[in-house]
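# Descriptive analysis of the structure
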Amino acid sequence: GMFGKYLNNNPKAPPVGIDAYMTNGGGTYTAPQFDTSGVSDLAPYFMRDGSWQGNHSDYTTSVVGNMSMSWIKKVAKGERPFFAYIAPKACHEPFTPAPWYADYWAHTWPAHEPRPVSWNASFAARKDHHGNVATNPMISSTCADYVTTSFMNRWRSLMSVDDVIADVVGLIEAEGLLDNTYFLYSSDHGFQLGEFNILIDKRQSYDQDIRIHMLARGPGIAPGSIFHFPGTQVDMAPTWLGLTGYLGNAPATMDGRSIVPLLINASDPAVPAQTLAHIAKVAPKGAAAYGQTWRDSVFIEYYYNDPNTKCAHYPTEDIHNNFITIRHMPGSAFGDTSYSEYQSGTQSQAPGVNFDKVDFIEYFNLTTDFWQMHNLRDTADNATQALLHQALHQWYNCRGETCP
């Protein structure tokens, strides 16, 4: 079953293999609309196939949670395994909390967003950065308040997500399935809150935009353990398939790899047989050997969308913000670094953007420059940058099993 945000241009019909479908492109926080299929028997909304329109008493996170819970109650009674994709809009803009959390702020919570050295940075500090990052004005007090309000309402809107998580875990426990269920919790992007004078959003190559959490729970996952390997969202689908017993790393249509052998202790007797079969297939020499074949970098690709100007004078991006990035991890041959190539233009105008006419480079060493203030493009040796360029374009041109 799929419940919540799916794609910005949302398909009216479900993808192959989905039995229960209640999704949208994000929609609104109140009175949300969803494209629907196979959920007409689910309380409390009994949505007909086609489309469902809520009213102003319906808060989107609650609708997603209620329908997810109703479907889980239905399928948990059967003998077949089930997969629930639960994706609330929160905490996407405009960060509208549920009415019952609209004014909540715990006394232990911070008074404002984090303000590192990159927050409201001077023009001099940004002069070696790309596009409007170098040219956005200093943040006024009024617009600083706008950032802080956004920060606070993001946290408030996430309180309803916390409620959904707690209710789903509680339901699985009540159904007696807690010891036979995997939970994975993640997001689709990071966020900026005033760093490099971008008031809000997530369209840049910097770590605060591209790094995301991934929490996992289930049989064979040791409580408090840490996953030490670099992964991205492209690894999620192969991982889901692996948990179900897929006898391969990933279908040829997928660029990612299964993290199951690195996440799960195969010697734990609680691990389901089908998951063990997947681990045995893709990691026959064990987790340590599988880990030695794992990548030491991740690839990020983005194309300019629109200015998305905030607080009247602060564009989120401009036409220079098309980039491909290779983010190496500590311990790699290139160290803890980020290397990005930019090409100006738009995808909608010929000849498009193919990174064959790169017009700006950013290169940062995050061991010594965690907030990516000092671009090494002009000072780092050319041989290293040539190797980074080669590795970056290997990622850019890869597909399926040819990807690192």
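Now for a look at the structure at hand. (Residues numbered from 1 in each chain as written. Predicted model: local features only at pLDDT ≥ 70, side-chain atom pairs only at ≥ 80, totals over all residues. Heavy atoms only, no water.)

### Topic: the sheet that holds strand β8 (residues 297–302)
- Taken in spatial order, the four strands of this open sheet run β8-β9-β10-β11, and their pairing is antiparallel. Strands at the two margins of the open sheet, each flanked by one partner only, are β8 and β11 (360–365). Here the average twist between neighbouring strands, direction ignored, is 10°.
- As judged from the six bridges shared by strand β10 (residues 337–342) and β11, these two strands associate in the antiparallel manner. Of the residues in β11, the one forming a bridge with Ser 340 is Glu 362.
- Helix α9 (residues 382–397) contacts β8, β9 (323–328), β10 and β11 of the sheet and is inclined by roughly 110° relative to β9. (Pairing = 2+ DSSP bridges. Helix = DSSP H or I, 4+ residues; strand = E, 2+ residues; numbered from the N terminus. Axes fitted to C-alpha atoms, helices over the stretch in contact; angles between N-to-C directions. Contact = heavy atoms within 4.5 Å.)

### Digging into a nonpolar patch on the surface
- A cluster of nonpolar residues, Ile 165, Tyr 185 and Leu 215, forms a patch on the protein surface that exposes about 250 Å² of accessible area.
- Its place among the elements puts Ile 165 in helix α3 (residues 141–174). (Patch = residues over 30% accessible without salt bridge, like charges linked within 9 Å, V, L, I, M, F, W, Y side chains within 5 Å. Areas by Shrake-Rupley, 256 points an atom, 1.4 Å probe, with all protein chains shown as cover. Salt bridge = Lys/Arg side-chain N within 4 Å of Asp/Glu carboxyl O.)

### Here we look at helix α7 (residues 273–282)
- Among the residues making up α7, those that are buried are Thr 275, His 278, Ile 279 and Val 282. Along the axis of α7, the buried positions cluster into a sector of 95°, meaning they face one direction only. Residues of α7 that are exposed and point over 90 degrees away from its buried face: Ala 273 and Lys 281.
- On its buried side, α7 packs onto α5 (236–243), α6 (260–263) and α8 (287–292). (Buried < 20%, exposed > 50% of the residue type's maximum accessible area, 1.4 Å probe, protein only. Arc of directions from axis to C-beta.)

### Here's the deal with the pairing of strand β3 (residues 33–37)
- With four of its five residues buried, β3 lies for the most part within the structure.
- Here strand β2 (residues 21–24) runs beside β3; their pairing, made up of three bridges, is antiparallel. Its bridge partner being in β3, Tyr 21 is matched across the sheet by Ser 37.
- Where β3 lies against strand β4 (residues 50–53), four bridges are found, and the strand directions are antiparallel. Bridging across to β4, Gln 33 finds its partner in Gln 53.

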